[in-house]
Amino acid sequence: MSIRMIIHNVKNIDDFEFEIPTQKGLYALTGENGTGKSTVISCAATAFYVPSLFDYFGDPREGAKISFEFDGRRRNITANNDKWINPKGQLKITGFYEGSIVFGNRFKDIDYSLLSKLALVKKEQLTNASSFVKESLGDILHDDKTYYEKLFVLKSGEAKKMKLKKSPYYYENKGALISQLNMSTGENLLLSILFSLENRLKKDIYGDTPAFIFLDEIELALHSSALRRLVYFLKDIADNHNSVVVFSTHSIELIRSISPENIYYLQRHNDGVIETINPCYPIYATRNLESSNYGHDYIIMVEDDLAKQIVERILREKKLLSNKRVLVISVGGWPQVLRFAYDTIRSNLALSTTKILIVLDRDIKNMVSPFMKKEHIGFANAPVYLPIKSLEKYLLEKLVDHVDITLFRELNDYLFQGRSLDDIVRNYMTGIKTGKIKDEEKIKNGKSLYDELHNELVQLRKNDKDLIDIIVQYLFSTNNPEIEELSGFFQERLK
């Protein structure tokens, strides 16, 4: 169950609906400049937070509204007479928000006239910062938990005297005290996050619903190595403290660290409509082909990891990789593949000598030509198609509609060694009959069944790759004629 958020006439967003995830984990919100990422994440924070709405969103537009629905509860934020009105309703969720450079909490409670006073603070007015903040800050920024051993914080009584709502941190370096206001932007950003996070972890959450941590463009102040360590840190927090961590970002480092299912790409079209692409593969999200200085002779664009493994296996088995550089990349849904391929050619994202090949799932074959005509795109090499419709539809057909006993037993014996596959499918069918599983579109396209399988894999500490490995092996062991058809295509093209 997700939190449904509807945004109407807020900043540059006219109408937008977004499902805020409620399963613990790390999620990325990305997109090109001006798509509304910061506005979306700021709006999402109002699900549990009451900020100065004017500071975050400016003067409200006519009819401005942010509304939420979750587990039968509602929360609405509206405007009247050009003024924002405080939220009405509670969702019974909790969390915190760090708005990075523009709306950050680092200087929120500090009167800048107190700068000179802060500079005169003596060590006896300070107390040791917590181990959590010190060690986490050192670990993320310098890969050294002891780096900020001499990190202090202004005593609460002293902060009250200076009329501060939050006590700033101080770092002792070679005998000199450096106040938080004089630390680097990266240090400031992380201190703010770690302080809020530490306080968040001390508090209870409502039932089984995770706490929410929203972070806006945190990469602006951090080196790539620090970003990688921050990702591991946040993943650990999400997993061990039942938290949903959502951050907006342009960073390739951050996006590469997140699974495609947890990446939401916002694409603003010419008419102002914002489309949410999820799952979204890092290649599409960053428009980055990861090509070396020498580039590639061929780039083969596919939808997902199943397609990628099928294509790579054909290339290996047919010995098509000698004397050429071939890159196979997962881009996402078929419209994203076609758009990205066209953008790559039109914008010269690849070398002029690079040939682009497109492989799509078979079930959308009749939809491709009308889509390309509508989008005014075309290719020298027409798309080709996989031997299966899609991973989800393939599993629905083989495990439920027309059971393939051999594949069923392969998956049951070598993958689903906790709950049996028989039990999973039985519960899935019962869920449909009782109405527990009721999204007809997801039932039809196999996504509901796949969700059940994926959840079991998570419990077994396995992932989708383990499932895909078995399916690919099975496809190649059955002498599938369409595998041969696809093999022939590559043998012809990759001469």
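Up top you'll find the structure we're talking about.
These remarks concern the structure in this document. These numbers come from a predicted model, not from an experiment.

Let us now look at the nonpolar core. Core analysis: the biggest nonpolar cluster contains 65 residues, and Leu151, Leu215, Met301, Leu338 and Leu360 have the highest contact counts within it. Considering each element in turn, this core owes the most residues, 8 residues, to helix α8 (residues 224-240). Among all residues touching Leu151, those that are not within four sequence positions of it are Asn128, Ala129, Val133, Lys134, Leu137, Tyr169, Tyr170, Tyr171, Met183 and Leu191. Ranked by size, the runner-up nonpolar core spans 50 residues in total, among them Leu399, Leu415, Ile424 and Leu494.

All right, on to the side chain of Thr249 then. Mapped onto the fold, Thr249 is located in the loop between β13 (243-248) and α9 (252-256). A distance of 2.8 Å separates a polar atom in the side chain of Thr249 from the backbone nitrogen of Ser251. Other than its neighbours up to four places away in sequence, Thr249 contacts Ala28, Leu29, Thr30, Gly31, Lys37, Glu219, Leu254 and Ile255.

Their axes nearest at 11 Å, the elements helix α12 (residues 334-346) and helix α13 (residues 365-375) cross at an angle of 45°. Taken together, the axis directions place α12 and α13 in an arrangement best described as oblique. Handedness of the crossing formed by α12 with α13: right-handed. Contacts between α12 and α13 involve Trp334, Pro335, Leu338 and Arg339 from the former and Met367, Val368, Phe371, Met372 and Glu375 from the latter.

A few words now on the sheet that holds strand β12 (residues 211-216). Strand order in the open sheet made by the 6 strands is β7-β12-β13-β3-β14-β15, with mixed pairing throughout. Where the open sheet ends on each side, the last strands, each with one partner, are β7 (95-98) and β15 (274-277). Neighbour to neighbour, the strand axes of the sheet diverge by 15° on average, direction disregarded. Looking at chain direction, β12 and β13 are connected through 6 bridges and run parallel. Residue Ala211 lies in a different strand from β13, and its bridge partner there is Ser243.

As a further point, take the environment of Asn33. Here Asn33 is to be found in the loop between β3 (25-31) and α1 (37-45). The class of Asn33 is exposed, set by a relative accessible area of 67%. For the pair Asn33 and Gln473, spaced 440 residues apart in sequence, the C-alpha separation works out to 42 Å. A polar atom in the side chain of Asn33 sits 3.1 Å from the side chain of His250.

We now examine the layout of surface pockets. The calculated volume of the second largest pocket comes to roughly 400 Å³. Taken together, 17 residues make up the lining of the second largest pocket; nearest its centre are Gln267, Arg268, His269, Arg339 and Asp343. Elements that contribute at least two residues to the lining of the second largest pocket include exactly β14 (263-268) and α12. Of the residues assigned to the lining of the second largest pocket, the class counts are 5 nonpolar, 4 polar and 8 charged.

Unoccupied space between atoms shows up once a probe the size of one water molecule is rolled over them. Tallying each qualifying case throughout the model produces 2 cavities of 30 Å³ or more. Residue lining of the second largest cavity: Phe18, Ile20, Leu29, Val40, Ile41, Ala44, Phe214 and Val246, and that is the complete set. Elements supplying a minimum of two residues to the lining of the second largest cavity: β2 (13-20) and α1. With 3 residues, α1 is the single largest residue contributor to the lining of the second largest cavity. Looking at the lining of the second largest cavity, its residues break down into 8 nonpolar, no polar and no charged.

As a further point, take the pattern of salt bridges. Note that side chains of opposite charge can pair when their charged atoms are close. Taken as a whole, this structure holds 25 salt bridges when the rule is applied. One salt bridge in this structure joins Arg362 and Glu482, with 3.7 Å as the shortest N-O distance. Separated by 120 residues along the polypeptide, Arg362 in the loop between β18 (355-360) and α13 and Glu482 in helix α20 (residues 481-493) bring together distant segments of the chain.

Before going further, it helps to examine the sheet that holds strand β4 (residues 65-70). Adjacent strands of a sheet pair through backbone hydrogen bonds, lying either parallel or antiparallel. Strand order in the open sheet formed by 5 strands is β2-β1-β4-β5-β6, with antiparallel pairing between adjacent strands. Lying at the two open borders of the sheet, with one neighbouring strand each, are β2 and β6 (83-84). Bridge count for strand β1 (residues 3-10) against β2 is 7 bridges, and the pairing is antiparallel. Each bridged residue has a counterpart across the sheet, and for Arg4 the counterpart in β2 is Glu19. Against the sheet, α1 makes contact with β1, β2 and β4, and its axis sits at roughly 120° relative to β1, the strand it touches most.

Rules used throughout
The numbers attached to residues start from 1 for each chain and follow its sequence in the written order. The predicted origin of the model limits local features to residues at a pLDDT of at least 70 and limits the giving and counting of side-chain atom pairs to 80 or more, whereas totals for whole chains, interfaces and linings rest on all residues. The basis for the side-chain values is all heavy atoms of the structure; hydrogens and waters are excluded. By convention a nonpolar core is built from buried Ala, Val, Leu, Ile, Met, Phe, Trp, Tyr and Cys residues, the set being connected through side-chain atoms within 4.5 Å. Accessible area is worked out with a 1.4 Å probe on protein chains only. A residue is then buried under 20% of its type maximum, exposed over 50%, and partly exposed in between. Secondary structure counts use DSSP, requiring at least four H or I residues in a row for a helix and at least two E residues in a row for a strand, with both numbered from the N terminus. Contacts are assigned to residue pairs that have any heavy atoms within 4.5 Å of one another. The definition of a polar contact used here is a pair of N or O atoms within 3.5 Å, where within protein one atom must be able to donate a hydrogen and the other to accept one, and adjacent residues in sequence count solely through side-chain atom pairs. Here the axes come from fitting lines to C-alpha atoms, over the contacting stretch only for helices, and the angles between their N-to-C directions go from 0 to 180 degrees. Any angle that is under 35 degrees is reported as roughly parallel, and any over 145 degrees as roughly antiparallel; angles of 65 to 115 degrees are reported as roughly perpendicular and all others as oblique. Note on convention: near helix rotated counterclockwise from far helix by under a right angle means a left-handed crossing. Clockwise means right-handed. Note: two strands are recorded as paired if DSSP finds a minimum of 2 bridges between them. Whether a set of points on the 1 Å grid over the protein atoms alone is a cavity depends on a 1.4 Å probe fitting there but being unable to get out, while an open set qualifies as a pocket with protein on both sides within 12 Å along at least five of seven lines; lining residues are those with an atom within 4 Å of a point. Grid points are joined across faces, edges and corners, and a volume is the space filled by probe spheres set on the points. Only Asp, Glu, Lys and Arg are considered charged, only Ala, Val, Leu, Ile, Met, Phe, Trp, Tyr, Cys and Pro nonpolar, and every remaining residue, Gly among them, polar. The salt bridge definition used is simple: a Lys or Arg side-chain nitrogen within 4 Å of an Asp or Glu carboxyl oxygen.

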